[in-house]
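Survey of secondary and tertiary structure
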Amino acid sequence: MAETQKSPLREGIRSWEHRLGKPTNSLAVDFVESLSFDKRLYKYDIVGSIAHAEMLSERKLLTKEEFKQIKDALVEISHQISEGKFKFDKTYEDIHMAIEAALISKIGEAGKKLHTGRSRNDQVATDMRLWMRDEIELIQAKIALLQKAFVKLAEKYTANIMPAYTHMQRAQPISIAAYLLSFVEQLHRDSLRLKNCRLLLNLSPLGSGAIAGSSLPLDRKQVCGLLGFSDITYNTIDSVSDRDFCAEFIFDSCLISAHLSKLAEDWIIFSTTEFDFIRIDDAFCTSSSMMPQKRNPDMLELIRGKTGTLYGSLMAILTILKAQPSGYNRDLQEDKVHTFKASDTIEACLDMACAIVDNTSFKHEKISAGLDKGFLDATALAEYLVKKGVAFRTAHGIVGSLVAQCEKDGKALADVSIEQFKKFSNVIGEDVYQCLGSKNVAASYATAAAASPGQMIEQINYWKKQFAKQ
Ligand code: ARG
């Protein structure tokens, strides 16, 4: 008993110093600490501790009075941290030890009982899962805002046509809305992926202790219920070392970033003088320190560039997890560096993408004026021949020769006379002109979900209904 009283954390001596006999070397203090980046977990650490303490009191490992003291002091610490009044001392290594030390210094003996049956190993695993549940919801909300911005923009341009590209070569005409809705679709999958990540991570590791559980009669299911997890984890060794959810979360963020980088790349190209398809509002452009004419799409370039930051985090977490021996190893502390970096980066990119989509217009008249270039109606002409009974492969050859001829003559397909058409195929009649020209072609798409103006109105209504359900 006297021994316990000689080693209180409140006197600045950590309990393990009785074992090690020496304070930690100052270089090692700086090297080992995670407080500088894991302090953002404080709310989750406190919520987890209160649930653990409540369970301990149910199990008679704490008195009701001790539980109340612990809970009140933890709530007070939480306020101190949120108000910036908490002194973070890196010698406590991490947020778990910093909060425990503050608790003991506030309430003494009762505070020393909080860590009963618990290790920082199951504690940090719990904190990260709690943090990530909220983080996923936040990112999903940002995804939804971006989807809504795309739908709003698409609504303005359902009737306007633009070229769709494959291999960056003009392919077929589409409604501008179809192009914009392609991002809504990608983001929908991104959100589902995160939902799945949340589903898989929503298990309570608390009570796994350092690696093997505890000889104390802890009620893991009660803590699980208090923290809103769907179940407990069922292997304590795996529980303290599992960071699959971090790798998955970062991967999901990477894929969002890949999608945003596609948008960025498109719009950087679309805003060149050569394309001149869109105008991004001045507020989202920068200029040059030397060339006065410049309107540079730096925000989009950074969205594209930050994809590299995210992919780096993914490579980092996968490498950290590789070949670690079973159980907890301090390597795992690095999970937070990359998980937090990924979440901050993807949040910022989603916010910026949303603001840019909200502040960009398509120069639809300018786009429309250039639609006769590039033979966007060639495939529709081949399909016209199919409707007249020509085999598709033959039709493909006929139209290919026609296009080659038109290219030589500097003409569009719609400029070819009926007599000239007949030289290539005698099934071509006057009605051919109804299927030529980008507007006619886009209006003629008949397959489900094709990029025609009519179908875009349906799709926009579909998405709006989905948003209303959220
Ligand atoms: N700061 C540590 C981390 O983030 C907490 C767990 C430390 N556990 C230990 N046995 N040293 O992983």
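Details of the structure are given in the entry above.
Read on for an overview of the structure. (Residues numbered from 1 in each chain as written. Predicted model: local features only at pLDDT ≥ 70, side-chain atom pairs only at ≥ 80, totals over all residues. Heavy atoms only, no water.)

Remarks on helix α6 (residues 64-82)
Relative to the 27 Å expected for 19 residues at 1.5 Å per residue, α6 spans 27 Å between its end C-alpha atoms, a close match to the ideal helical length. Among all positions in α6, only E66, F67, I70, A73, L74, I77, S78 and I81 are buried. Angularly, the buried residues of α6 cover 150° about the axis, an arc narrow enough to put them on a single face. In α6, the exposed residues that point more than 90 degrees away from the buried face are K64 and E65. The secondary structure elements touched by the buried residues of α6 are α5 (42-58) and α7 (95-107). Count one or two residues on from α6 and you reach G84, which has phi positive near 75°. (Helix = DSSP H or I, 4+ residues; strand = E, 2+ residues; numbered from the N terminus. Expected span 1.5 Å × (residues − 1). Buried < 20%, exposed > 50% of the residue type's maximum accessible area, 1.4 Å probe, protein only. Arc of directions from axis to C-beta. Contact = heavy atoms within 4.5 Å.)

Some thoughts on empty space enclosed by the protein
Scanning all chains against the criterion turns up 1 cavity of 30 Å³ or more. Approximately 30 Å³ is the volume attributed to the largest cavity. Elements represented by at least two residues in the lining of the largest cavity include exactly α5 and α10 (220-226). (1 Å grid on protein atoms, 1.4 Å probe; cavity = no way out; pocket = protein on both sides within 12 Å on 5 of 7 lines; lining within 4 Å. Points joined across faces, edges and corners; volume = space filled by probe spheres on them.)

Observations regarding the environment of P205
As for its placement among the helices and strands, P205 is situated in the loop between β3 (203-204) and α10. P205 has contacts with D122, A125, T126, R129, R220, T233 and S239, leaving out every residue within four places of it along the chain.

Examining the site of the ligand
Residues in contact with the ligand, as listed here, are S34, D94, H96, R120, N121, V124, Y328, R330, Q333 and K336. The separation between a nitrogen atom of the ligand and a polar side-chain atom of D94 is 2.9 Å. In isolation the ligand exposes 340 Å². Once the protein is present, 87% of that is buried. Per-class residue counts for the shell around the ligand are 2 nonpolar, 4 polar and 4 charged. (Near = heavy atom within 4 Å. Polar contact = N/O pair within 3.5 Å; in protein donor to acceptor, adjacent residues only side chain to side chain. Areas by Shrake-Rupley, 256 points an atom, 1.4 Å probe, with all protein chains shown as cover. Nonpolar A, V, L, I, M, F, W, Y, C, P; charged D, E, K, R; others polar.)

Regarding the packing of helix α9 (residues 176-201) against helix α12 (residues 244-270)
Helix-helix packing: each pair is described by the crossing angle between the helix axes and the interaxial distance. Taken N-terminus to C-terminus, the directions of α9 and α12 make an angle of 170°; their axes are 9 Å apart at the nearest point. Regarding the angle of α9 to α12, the classification is roughly antiparallel. Broken down by class, the residue content of the contact of α9 with α12 amounts to 15 nonpolar, 2 polar and 7 charged. (Axes fitted to C-alpha atoms, helices over the stretch in contact; angles between N-to-C directions. Parallel < 35°, antiparallel > 145°, perpendicular 65-115°, else oblique.)

Side note on the packing of aromatic side chains
Under the criterion given, the structure shown has 16 aromatic pairs. A centroid spacing of 5.1 Å and a plane angle of 75° characterise the contact between F275 and F277, whose relative ring orientation is edge-to-face. For F275, a relative accessible area of 18% translates into the label buried. Through successive ring pairs, a cluster of aromatic residues spans F150, Y157, Y165, Y179, F183, W267, F270, F275, F277 and F362. Geometry around F88 places K39 over its ring, the cationic atom sitting 5.0 Å from the centre. Taking NZ or CZ as reference, R40 lies 4.4 Å from the ring centre of F340, over its face. (Phe/Tyr/Trp six-rings, centres within 6.5 Å; stacked < 30°, edge-to-face > 60°. Lys NZ or Arg CZ within 6 Å of the ring centre and 35° of its normal.)

Brief notes about the pattern of salt bridges
Side-chain pairs of opposite charge can arise where the charged atoms are in close proximity. Scanning the entire structure with this criterion turns up 25 salt bridges. In this structure, D231 and K221 form a salt bridge, with 4.0 Å as the shortest nitrogen-oxygen distance. Of this pair, D231 sits in strand β4 (residues 231-232) while K221 sits in helix α10, placing them 10 residues apart in sequence. Among the residues examined, D231 registers a relative accessible area of 26% and is labelled partly exposed. Within this structure, E93, D94, R120 and R330 form a network of salt bridges that share partners. (Salt bridge = Lys/Arg side-chain N within 4 Å of Asp/Glu carboxyl O.)

Describing the pairing of strand β1 (residues 161-166)
As judged from the 6 bridges shared by β1 and strand β2 (residues 169-175), these two strands associate in the antiparallel manner. Across the sheet, the residue bridging to P163 is P173, located in β2. Where β1 folds back onto β2 in an antiparallel hairpin, the turn is made up of 2 residues, including H167, whose phi is positive at roughly 55°. (Pairing = 2+ DSSP bridges.)

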